[in-house]
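Below, each chain spelled out in residue letters.
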Amino acid sequence: MDGPLDVDKIWISLGTFGKYQRIQLTVILIGIIPLAFHLLSTVFIAYRPPFYCNDTTVDMIFGDDTHMHDNASYTFVYNKCSIDVYTDSANSTLIKSTGCVSGYSYPVPKDRTLVTEWDLVCDRAELSEFSQTLVILGQAFGAAIFTSLADRFGRRKVHIFGHISLFSVSFAIAWAPNYTVFAVLRFFLGAVQQGSGLTMAILSLEILPLKARYIGECLGLVFWTTGVNLLSPLGYLFKNLSWRYLQMTLALFSCYSLVEYWIMDESVRWLLANGKIKQAERNIRKAAKMNGKDFDEVIKAATIRDSKEMEVLVPVNNTLPSKKEDDIYTNQNGAEHIGTNDSSKEDDITDDVELNHREKPTGVTATVKRYNITTIFRHKIILFNSLILWYMWLVNSLVYYALSLTSSALSGDRFVNYFLIAIVEYPAALMEFLLINRIGRRKTCILFHVIAGIALAVSTVCKSLSDGAGTLGAVSLVFNLVGKFGITGSFSTIFLYTPELYPTNLRNAGIGFSSCVARAGGMLAPFAGPLMDYITWGPGAISAAMCLLAVYLLTFLPETAGYELPTTIEELKTWYKEHAGDKKPNP
């Protein structure tokens, strides 16, 4: 491989959707289905059925209390979370009100959900929501840790480790002996779920050329939606069995992670950006053979001098050293290099690959620029755009999961309600597919947020006026579904939009930190239901306002559709200045 390589042209020359890419994408996309399972499974495994206090006795109520004597008789009134004790006389008097001292009764067997098994009701009700919050907190941890590791050590390794860990942890949850163990495992489930999921998002992005990237993202949303929708029939199938059987079944969907190591290849874009030339060549040769293409012709077509996105540069004489074949070489005169030779930017380089004198061709040094999350905070324009992205992720996470997790609280059958909330994601995927390249990522995201904000505002007003019943109640439900449609489309679009706003060796960390910030919204989402009990219009009004504010902030961001992915910070900053949004920030 001689000269600068345009990775987009590699994939185009190989055939955008050749056999090799189809196999790799299939492996990646199938893995999205179990990610949806474990994030939303609490809708069914933590379902809270109607309940009331168990029958009790005088001894359980009073014990050694002096009110109790042999000739006294009492009447017990059983409430959801308390028992009222009255004297059994003509002038019945309330003597005592106490908690459910004999436990709780449910219309289903004790082991049907984790709520009924561990009595997560009344003063322990928040523990059920807290278990979901722990998943989101785990996601924040996973987003911060695993994505940075993926930028440094490769997407494939981190993804496979995360997916195997997801399989192991999710299966172990089904055997949790108590709530404490369950809660701890749920935290780790969130961490590995996010580590596996975000690396898959980057892998699918980097295996496709510029004009086809949106297809990968839309396919990702379709597979995610499939996972979300499959939960409803699976939950219904296991509705008469212990929640542990449903949990084990969901875990088994990740068992194919055990063979991913032999099927999935590392991102060629990451390999070239990090000097792994020998391994990149092996992957390209493998793809060329599977797609029926000539390797030399593919490299020839991708070797150009004016590429906007030069992921790798090798010596012009094509001389590779015997010991370090995986390094990137750049001429000392700066004519061919990754990024710039500006010494003032040395703080951006966290890891340089250097060869000893015996291994370097004459006049050649090796430099691979690596960045970490602190790089964002050292550059004003990058930080400004990142703050907007982080807000977008927070809004999307809060609204999306609040709507999904409260579906069982809607009037009607909980399985049907969840199915309706989930099925609207398919039209969102179709609309994203039709618009994301035609009008761009930014305008598509704006449109989806406008739809979500207005729909949720109308839904909230109708629900407040109707108290959830009658014609206005039905209208409220319809607009609630439209709101879910809008926020789903925005959430999917931003998965594609975000990594395109970062350079190659900061791309995974960029989307990872964005996802980490989003977990703040996800952690609040489970409490939308309890808030609705106190302030009916509260969750809807907050969600609508946040979506409409997002519309305004999006006008500051640049459009990425039709542009190559930047490789270095220097390229990125120049590109930001040239393609700022409608409202340009102060320099």
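This structure is a prediction, so every number in the text was calculated from the model and none was measured.

Caption draft 1: Structural context of the overall build of the protein. The helix and strand inventory of the protein stands at 24 helices and nine strands. Expressed as a percentage of its 587 residues, the buried residues of the protein come to 56%. For the protein, contacts bridging at least 24 residues in sequence account for 79% of all contacts bridging at least 6. As displayed, the protein offers around 24,100 Å² of accessible surface, 61% of which is attributable to carbon and sulfur atoms.

Caption draft 2: Layout of the nonpolar core. Judged by nonpolar contacts, the single largest core of 134 residues is most densely connected at Leu114, Phe182, Trp224 and Tyr401. With 15 residues, the top contributor of residues to this core is helix 16 (residues 380–405). Leaving out residues up to four positions away in the same chain, Phe182 has contacts with Ile45, Leu114, Trp118, Ser131, Ile173, Ala176 and Trp243. In this structure, Val424, Ala428, Leu481 and Phe485 belong to the second largest nonpolar core, which totals six residues.

Caption draft 3: Main features of the pattern of salt bridges. Tallying each qualifying case throughout the model produces ten salt bridges. Look at the salt bridges and you will find they share partners, linking Asp151, Arg155 and Glu206 into a network.

Caption draft 4: How the structure looks around the confidence of the model for the protein. Mean pLDDT over the protein works out to 77, with 78% of the residues at or above the 70 mark. Here strand 8 (residues 329–331) stands out as the least confident element of the protein, with mean pLDDT 32; helix 11 (residues 243–252) is the most confident, with 94.

Caption draft 5: The environment of Tyr52, seen in detail. By the element assignment, Tyr52 lies in strand 2 (residues 52–53). The class of Tyr52 is partly exposed, set by a relative accessible area of 47%. Setting aside its immediate chain neighbours within four residues, Tyr52 contacts Asn79, Lys80, Tyr104 and Ser105.

Caption draft 6: Layout of the state of the cysteines. The full count for this structure, using the stated rule, is two disulfides. Residue pairing for Cys53: its cysteine sulfur links by disulfide to Cys100, the two sulfurs lying 1.7 Å apart. Linking Cys53 and Cys100, the disulfide has an S-S dihedral of approximately -45 degrees and is accordingly described as left-handed. You can see Cys53 sitting in strand 2 and its partner Cys100 sitting in the loop between strand 5 (94–98) and strand 6 (104–105), a full 47 residues away along the chain. When its relative accessible area of 1% is taken as the criterion, Cys53 is described as buried. Each sulfur in the disulfide pair Cys81 and Cys122 lies 2.0 Å from the other. Across the disulfide from Cys81 to Cys122, rotation about the S-S bond amounts to roughly -90 degrees, and the bridge is consequently left-handed. In this pair, Cys81 is assigned in the loop between strand 3 (74–78) and strand 4 (83–87) and Cys122 in the loop between helix 6 (114–117) and helix 7 (126–153), connecting sequence segments 41 residues apart.

Caption draft 7: Expanded view of the packing of aromatic side chains. In total, this model carries 27 aromatic pairs according to the counting rule given. On the numbers, 5.5 Å between centres and 80 degrees between planes, the contact of Phe187 with Phe188 is edge-to-face. A network of ring pairs unites the aromatic residues Trp393, Tyr400, Tyr401, Phe491 and Phe495 as a single cluster. Just above the ring of Phe295 sits the side chain of Arg285; from NZ or CZ to the centre is 3.8 Å. The side chain of Lys484 reaches across the aromatic face of Tyr400, ending 4.8 Å from its centre.

Caption draft 8: Molecular detail of the pairing of strand 4. Pairing analysis gives five bridges linking strand 3 to strand 4, with the strands arranged antiparallel. Within the sheet, the bridge partner assigned to Val77 lies in strand 4 and is Asp84. In this antiparallel pair of consecutive strands, strand 3 and strand 4, the connection spans four residues. Two strands pair when backbone bridges link them, and strand 4 and strand 5 are joined in this way by four bridges, in the antiparallel orientation. Looking at strand 5, one finds that Tyr86 is bridged to Leu94.

Caption draft 9: Local environment of the side chain of Thr488. Mapped onto the elements, Thr488 comes out in helix 20 (residues 470–497). Polar contacts involving the side chain of Thr488 include one to the main-chain carbonyl oxygen of Lys484, which spans 2.7 Å. Each residue touching Thr488, except ones within four places of it in the same chain, is listed here: Leu221, Tyr400, Glu425 and Ala428.

Caption draft 10: Spotlight on the side chain of Thr460. Along the polypeptide, Thr460 turns up in helix 19 (residues 441–466). A polar side-chain atom of Thr460 sits 2.7 Å from the main-chain carbonyl oxygen of Leu456. Not counting the four nearest positions on each side in its chain, Thr460 is found in contact with Trp537, Gly540 and Ala541.

Caption draft 11: Focus on the sheet that holds strand 5. Read across the open sheet, the three strands follow the order 3-4-5; overall the sheet is antiparallel. In the strand order of this sheet, the two ends are held by strand 3 and strand 5, each with one partner. Between one strand and the next, the sheet's axes are offset by a mean angle of 20 degrees, whatever the strand orientation.

Caption draft 12: Examining a nonpolar patch on the surface more closely. Nonpolar side chains collect at one region of the surface, where Ile23, Leu258, Val259, Tyr261, Trp262 and Ile263 lie side by side and expose about 610 Å² of accessible area between them. With respect to the element layout, Trp262 can be found in the loop between helix 11 and helix 12 (268–273).

Caption draft 13: Region of the structure containing helix 2 (residues 19–30). Taking 1.5 Å of rise per residue, the twelve residues of helix 2 would be expected to cover 16 Å, and the 16 Å separating its terminal C-alpha atoms lies within 8% of that figure. Of the positions making up helix 2, those classed as buried are Tyr20, Gln21, Gln24, Leu25, Val27, Ile28 and Leu29. Taken together, the buried residues of helix 2 touch helix 1 (7–14), helix 3 (32–40), helix 9 (179–206), helix 10 (213–237) and helix 13 (277–291).

Caption draft 14: Quick peek at helix 1. Turning to helix 1, its buried residues are Val7, Asp8, Ile10, Trp11 and Leu14. End-on, the buried residues of helix 1 take up no more than an arc of 160 degrees, which puts them together on one face. Gly15 sits one or two positions beyond helix 1 and adopts a positive phi of about 100 degrees.

Scoring rules and cut-offs
- Residues numbered from 1 in each chain as written.
- Predicted model: local features only at pLDDT ≥ 70, side-chain atom pairs only at ≥ 80, totals over all residues.
- Heavy atoms only, no water.
- Helix = DSSP H or I, 4+ residues; strand = E, 2+ residues; numbered from the N terminus.
- Buried < 20%, exposed > 50% of the residue type's maximum accessible area, 1.4 Å probe, protein only.
- Contact = heavy atoms within 4.5 Å.
- Areas by Shrake-Rupley, 256 points an atom, 1.4 Å probe, with all protein chains shown as cover.
- Core = buried A, V, L, I, M, F, W, Y, C linked by side-chain atoms within 4.5 Å.
- Salt bridge = Lys/Arg side-chain N within 4 Å of Asp/Glu carboxyl O.
- pLDDT = per-residue confidence, 0-100.
- Disulfide = S-S within 2.5 Å.
- Phe/Tyr/Trp six-rings, centres within 6.5 Å; stacked < 30°, edge-to-face > 60°.
- Lys NZ or Arg CZ within 6 Å of the ring centre and 35° of its normal.
- Pairing = 2+ DSSP bridges.
- Polar contact = N/O pair within 3.5 Å; in protein donor to acceptor, adjacent residues only side chain to side chain.
- Axes fitted to C-alpha atoms, helices over the stretch in contact; angles between N-to-C directions.
- Patch = residues over 30% accessible without salt bridge, like charges linked within 9 Å, V, L, I, M, F, W, Y side chains within 5 Å.
- Expected span 1.5 Å × (residues − 1).
- Arc of directions from axis to C-beta.

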